[in-house]
Every structure is written in structure tokens, then in C-alpha cells.
Amino acid sequence: AKVDFLADYEFTMRGERAFAIASFENQRRSREMILRQEDGSIITNSFRFMPSAFFYQNELAFAQMHQQWILPLVDMKTRIVSPKALLRADDAVHAEMKHYSPYKAQAVMVFPALDKAVTKFASAQVSVDLARVACALERYRLAHGNYPETLDALAPQFIETLPHDIINGQPLHYRRTDDPPSQGSGAASGKFLLYSVGWNETDD
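Remember, predicted model here, so these are calculated numbers, not experimental data.

## Re the overall build of the chain
Argument step 1. In terms of helices and strands, the chain carries 5 helices and 6 strands.
Argument step 2. Starting at the N terminus and walking to the C terminus, you meet the elements of the chain as α-β-β-α-β-β-α-α-α-β-β.
Argument step 3. Expected size for 204 residues packed as a compact globule is a radius of gyration near 17 Å; at 24 Å, the chain overshoots this value by more than 25%.
Argument step 4. C-alpha extents for the chain along the principal axes are approximately 85 × 30 × 30 Å.
Argument step 5. Here the chain holds 204 residues, and 34% of them are scored as buried.
Argument step 6. Accessible surface, the chain: about 12,500 Å² in total, of which carbon and sulfur atoms supply 54%.

## A word on the nonpolar core
As a rule of thumb, soluble globular proteins bury nonpolar side chains together.
Argument step 1. The biggest cluster of nonpolar side chains holds 30 residues, and the ones touching the most others in it are Tyr9, Leu73, Phe111 and Leu114.
Argument step 2. For this core, the secondary structure elements donating two or more residues are helix H1 (5-30), helix H2 (52-70), helix H3 (83-98), helix H4 (105-109) and helix H5 (114-144).
Argument step 3. With 6 residues, H5 is the single largest residue contributor to this core.
Argument step 4. Filtering out sequence-adjacent residues up to four positions away, Leu114 remains in contact with Ile70, Leu73, Leu86, Ala89, Asp90 and Val93.
Argument step 5. Core analysis: the next-biggest nonpolar cluster, separate from the first, contains 12 residues, Val133, Tyr140, Leu151 and Tyr174 among them.

## Re the side chain of Gln27
Argument step 1. One can find Gln27 in helix H1.
Argument step 2. Not counting residues up to four positions away in its chain, the partners in contact with Gln27 are Glu32, Met33, Phe47, Phe55 and Gln106.

## Comments concerning H3
An α-helical turn contains 3.6 residues, so a residue and the one three or four places further along point in the same direction.
Argument step 1. Between its first and last C-alpha atoms H3 spans 23 Å; for 16 residues at 1.5 Å apiece the expected length is 22 Å, and the two agree.
Argument step 2. Burial in H3 covers these residues: Pro83, Ala85, Leu86, Ala89, Asp90 and Val93. Here the buried residues of H3 occupy an arc of 150 degrees about the axis, which is enough to place them on one side. Of the residues in H3, the exposed ones pointing more than 90 degrees away from the buried face are Leu87, Arg88, Asp91 and Lys98.

Calculation notes
- Residues numbered from 1 in each chain as written.
- Predicted model: local features only at pLDDT ≥ 70, side-chain atom pairs only at ≥ 80, totals over all residues.
- Heavy atoms only, no water.
- Helix = DSSP H or I, 4+ residues; strand = E, 2+ residues; numbered from the N terminus.
- Rg over C-alpha atoms; globule rule 2.2 N^0.38 Å.
- Buried < 20%, exposed > 50% of the residue type's maximum accessible area, 1.4 Å probe, protein only.
- Areas by Shrake-Rupley, 256 points an atom, 1.4 Å probe, with all protein chains shown as cover.
- Core = buried A, V, L, I, M, F, W, Y, C linked by side-chain atoms within 4.5 Å.
- Contact = heavy atoms within 4.5 Å.
- Expected span 1.5 Å × (residues − 1).
- Arc of directions from axis to C-beta.

Given below as C-alpha cells:
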């Protein structure tokens, strides 16, 4: 319950932004950009005659793009990761790439792949949430002999609060998949299906 990948997302993305800006600053001070090629060789590009404004503007552009498109992908107030917001951000980034400007060239070049980062954090958080609910379901089964009809029966005795589906903010999907034990049999049985709608936002 203490694992919070959504909070980690914001912290990590802010760290990536700070690292990129620090890299631009290092280029401004050294007037060099060192690149490692796929074969391991090193290429050094000289920025000897590049004005400082070039670096400052790219730092600003990167920070603005990060603030506008990356951080909002995870809404910490509602704890929702919206696939639609990711599509809008992807479209905005691609549109930005079509309009070349020397004051944004480096910022766009090193801008992270949005879908790879946010989908991994979302998947990790969903896995943790499902595991927590599954543990609560098992605790309920140990106490009552079978699984509950609905997840609402779990809180607050077996789990403090039920996490919602971070993709759409709705309850996680749950159902028992076989019959509970017969009355008085004393046998514990039952199985269940528990899942998030996933990145396609469809209950399929």
C-alpha cells in the first residue's frame, strides 16, 4: 500500500527535466556537445561561436514542453492516467517537431518518448493496486469461506480503501467465476476475475 508509482512518475519526470537542463548548461559552459555513436566512437561538436541565448532558449523550451505535456499526463488529485491526454500530448509534440526553430531544436531532440514512460508507470501502479485488492479478497475468503459478491464488502475491514481504476476513475472490474460452497459444507472454494480496463479503455 505504500508503493505509489504515480507519485514516483512526477518525481522522476521532474528529475529528467533537471538533468536535461543541466546538460544544456554544460554545453553552454564548455561550448561542446559530445555524442557517442552506436559503434562506441565519440564525436565532439563545437558550439564555439554559438550565442548563449541558443542554450537558454532551449532550456526554457524544454522546461515549458515538460510542464505542458509531460507532468499533466498523471493527475495526482484524481489519480487518473488518461490515454486520451497522452494522444493529445503526442499530437502536440509531433506538431512542434514540424516547425523548426534553433531555439527549440535541442529541446525537441531530447524530448522523451511520452508513451514509453507514462504507460510503464500506469501499468506498474495498476499491478500494485490489483495485488492489494487480491490480497484483501484472499483475507475475506479466509474469514468467510468464499469470495464476496462485490468489492465493497472488503473495505474497511480487509483493505482500508479500495483503489479505483486509474485509467478511467471507475471501480476496478470484479466478479466471482464459480459458485460459492454449498451451505454448511465447510469447504472453502471459489475463484474470481479482477482487472483494469487497460490502455484501450475498453472492457474487453
